[in-house]
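# Descriptive structure summary
Letter by letter, the chains look like this.
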Amino acid sequence: EFWQKKQSDVFRFLARLRNWEYRQLPAVHRASRPTRQDKARRVGYKAKQGYCIYRVRVKRGDRKTKVAKGIVYGKPTNHGVNKIKMARNLRSVAEERVGRKCSTLRV
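The written sequence of each chain sets the order in which its residues are numbered from 1. Thresholds applied to this predicted model are a pLDDT of at least 70 for local features of residues and 80 or more for the giving and counting of side-chain atom pairs; totals over whole chains, interfaces and linings are not thresholded and use all residues. Hydrogen atoms and water are omitted, and side-chain values are computed over all heavy atoms in the structure.

## Here we look at the overall build of the protein
Worth spelling out the cut-off: Numbering of helices and strands runs from the N terminus, with a helix taken as a DSSP run of H or I at least four residues long and a strand as a DSSP run of E at least two residues long. Both definitions apply: the radius of gyration is a C-alpha atom measure, and the globule rule equals 2.2 Å times residues to the power 0.38. Residue exposure (1.4 Å probe, protein chains only): buried if accessible area is under 20% of the type maximum, exposed if over 50%, otherwise partly exposed. Contacts between residues were defined by any pair of non-hydrogen atoms, one from each residue, lying within 4.5 Å.
For the protein, the helix and strand inventory stands at three helices and two strands. Along the protein, from the amino end to the carboxyl end, the secondary structure elements read α-β-α-β-α. For 107 residues, the compact-globule formula gives about 13 Å, and the C-alpha radius of gyration of the protein, at 19 Å, lies well above that figure. The burial tally for the protein puts 14% of its 107 residues in the buried class. Long-range pairs, those at least 24 residues apart, make up 46% of the contacts in the protein with a sequence separation of at least 6.

## What about the layout of surface pockets?
In this approach a probe as big as a water molecule rolls over the atoms, and the regions it shows empty are the leftover space. Going by this rule: Buriedness for pockets is judged along seven lines, at least five of which must meet protein on both sides within 12 Å for an open set on the 1 Å grid over protein atoms alone, while cavities are sets there where a 1.4 Å probe fits but cannot get out, and lining residues have an atom within 4 Å of a point. Grid points are joined across faces, edges and corners, and a volume is the space filled by probe spheres set on the points.
The calculated volume of the largest pocket comes to roughly 2,000 Å³. Listing elements by their share of the lining of the largest pocket, those giving two or more residues are helix 1 (9-24), strand 1 (28-31), helix 2 (37-42), strand 2 (53-56) and helix 3 (90-101). In terms of residues, the lining of the largest pocket owes the most to one element, helix 3, which gives five residues.

## Structural notes on the pattern of salt bridges
What counts here: Put simply, a salt bridge is a Lys or Arg side-chain nitrogen that is within 4 Å of an Asp or Glu carboxyl oxygen.
One pass over the structure, following the stated rule, counts six salt bridges. The shortest N-O distance in the salt bridge between aspartate 38 and arginine 42 comes to 3.5 Å. A residue pair is termed a helical-turn pair when its members lie 3 or 4 positions apart in one helix, as aspartate 38 and arginine 42 do in helix 2 at four residues. By relative accessible area, arginine 42 is classed as exposed at 59%. Among the salt bridges present, the one from lysine 85 reaches aspartate 62, with a minimum N-O distance of 3.2 Å.

## Section: helix 3
An α-helical segment advances 3.6 residues per turn. Residues three or four places apart therefore align on the same side. Quick reminder of the rule: By definition here, a helix of n residues has an expected span of 1.5 Å times n minus one. Regarding the arc, it is the one traced by the directions from the helix axis to the C-beta atoms.
Compared with the 16 Å implied by 1.5 Å per residue over twelve residues, the 17 Å span of helix 3 between its first and last C-alpha is a close match. For helix 3, every residue scored as buried is listed here: Val93, Ala94 and Val98. The buried residues of helix 3 occupy an angular sector of 135° when the element is viewed end-on, so they sit on one face. Buried residues along helix 3 sit in contact with strand 1 and strand 2.

Right, here's the structure in full:
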C-alpha cells in the first residue's frame, strides 16, 4: 500500500495535507477512525462499540531542564540544560495525556 512507499508523490502530498490538518486540531482530540486500519487492528483495535481512537500531539526530541534564565548551580556534571534525555518513551506520555483527559476510559 502507500505506507511502503513513503517517498512517492502521492504519499508525500497526503502526508503534507494530514500534517497541516492535525496542526489545526487540539493537541489531544478524538479521531473518527484510525489513519492506518491494518496497523490499528494489529495492535488490538476493533471497529465496534466501546473502542475509540484518540490522536495526541507530543513534542519530539530531547527535554530541556527547567532553570530560571538558564542559570544552573552546583557541580559541572549538573550544568546540562539542552541535551537531557527523557526516561519514558513518547507513547507512554501520549497515553498518560489521553488518560488524564478521558478519565472514564481505559487506555
